[in-house]
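Below, each chain spelled out in residue letters.
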Amino acid sequence: MSNTDIDIQIDVDDPTAPEEDSPAITSNRAVDVAVSLLLLALSVLLGYDNWRTGAAWDATGPEPGYFPFYLSVILGAASLYGLIAAFLSRKEARETFVTRAQARRVMAVFVPTLLFCIVMQYLGLYVASFLLIAGFMRLVGKIAWWKSLLTAFIFSAAMFVTFDLVFDVIMPKGPLEAAFGY
């Protein structure tokens with residue numbers, strides 16, 4: 001028997017793994033229906049807008065909305081198919097899409113990333129990156145403050161040197177960079 005035929009199973013407990021008995025927030029069917037409805041609404045909006053700008057052929061060829069209109073028709077048809085499939089599937093109705101513990105883990109990444117995007121508009125990319133990295137390392141990774149701050153500073157400084165000084169790429173800057181003349 002070769003080594004590739006051996007199935008090795010290691011039972012390692014992940015202390016940060018979500019609990020198995022966490023209550024469900026929503027089912028697969030509910031998410032399928034919600035996403036299909038959102039895509040259907042988007043396809044209707046895009047279809048209307050492209051019809052308004054011209055979705056036919058004229059003497060010189062297709063009008064500006066011709067191809068996007070038909071792409072929105074295809075998107076609408078796929079959305080309708082998704083809705084029908086979601087309502088006909090009994091298995092999907094019972095399956096859990098996300099549990100409370102899983103959603104908490106996703107939000108632990110989503111909320112700081114959203115805040116990063118907002119803070120970047122006011123404090124600039126480098127300060128926002130410093131705060132995001134230090135915050136993630138400390139709060140999510142449970143790494144010591146001094147290691148988190150040092151790593152965030154080194155990374156932000158390396159980004160500044162690489163983008164602003166070496167490659168001269170224009171990045172969003174805030175008051176700190178302005179105070180140093182950048």
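Placed above this text is the structure.
Residues numbered from 1 in each chain as written. Predicted model: local features only at pLDDT ≥ 70, side-chain atom pairs only at ≥ 80, totals over all residues. Heavy atoms only, no water.

Is there a simple way to explain the packing of helix α4 (residues 100–123) against helix α5 (residues 125–140) in this structure?
Angle between the axes and distance between the axes: these two values describe a pair of packed helices. The interhelical angle for the contact between α4 and α5, taken along N-to-C directions, is 155°, at an axis separation of 8 Å. One element, α4, and the other, α5, form an angle in the roughly antiparallel class. Where α4 crosses over α5, the two elements pack in a sense that is right-handed. Contacts between α4 and α5 involve A108, V109, P112, T113, F116, V119, M120 and L123 on the former and, on the latter, L125, V127, A128, S129, L131, L132, F136 and V140. In terms of residue class, the contact of α4 with α5 is made up of 14 nonpolar, 2 polar and no charged. (Axes fitted to C-alpha atoms, helices over the stretch in contact; angles between N-to-C directions. Helix = DSSP H or I, 4+ residues; strand = E, 2+ residues; numbered from the N terminus. Parallel < 35°, antiparallel > 145°, perpendicular 65-115°, else oblique. Left-handed = near helix turned anticlockwise from the far one by under 90°. Contact = heavy atoms within 4.5 Å. Nonpolar A, V, L, I, M, F, W, Y, C, P; charged D, E, K, R; others polar.)

Mind showing me how you'd approach the pattern of salt bridges here?
A side chain with one charge can pair with a side chain of the opposite charge if their charged atoms come near. Considering all chains together, one arrives at 3 salt bridges under this definition. One salt bridge in this structure joins R52 and D49, with 2.5 Å as the shortest N-O distance. Remark: D49 and R52 occur in helix α1 (residues 28–53); sequence separation between them is 3 residues, near one turn of the helix. Given a relative accessible area of 54%, R52 falls into the exposed group. In this structure D49 comes out as partly exposed when scored by relative accessible area, which is 31%. With a closest N to O distance of 3.6 Å, E95 and K91 form a salt bridge. On the basis of relative accessibility, which here comes to 28%, the residue E95 falls in the partly exposed class. Relative accessible area serves as the criterion here: at 52%, K91 is assigned to the exposed category. (Salt bridge = Lys/Arg side-chain N within 4 Å of Asp/Glu carboxyl O. Buried < 20%, exposed > 50% of the residue type's maximum accessible area, 1.4 Å probe, protein only.)

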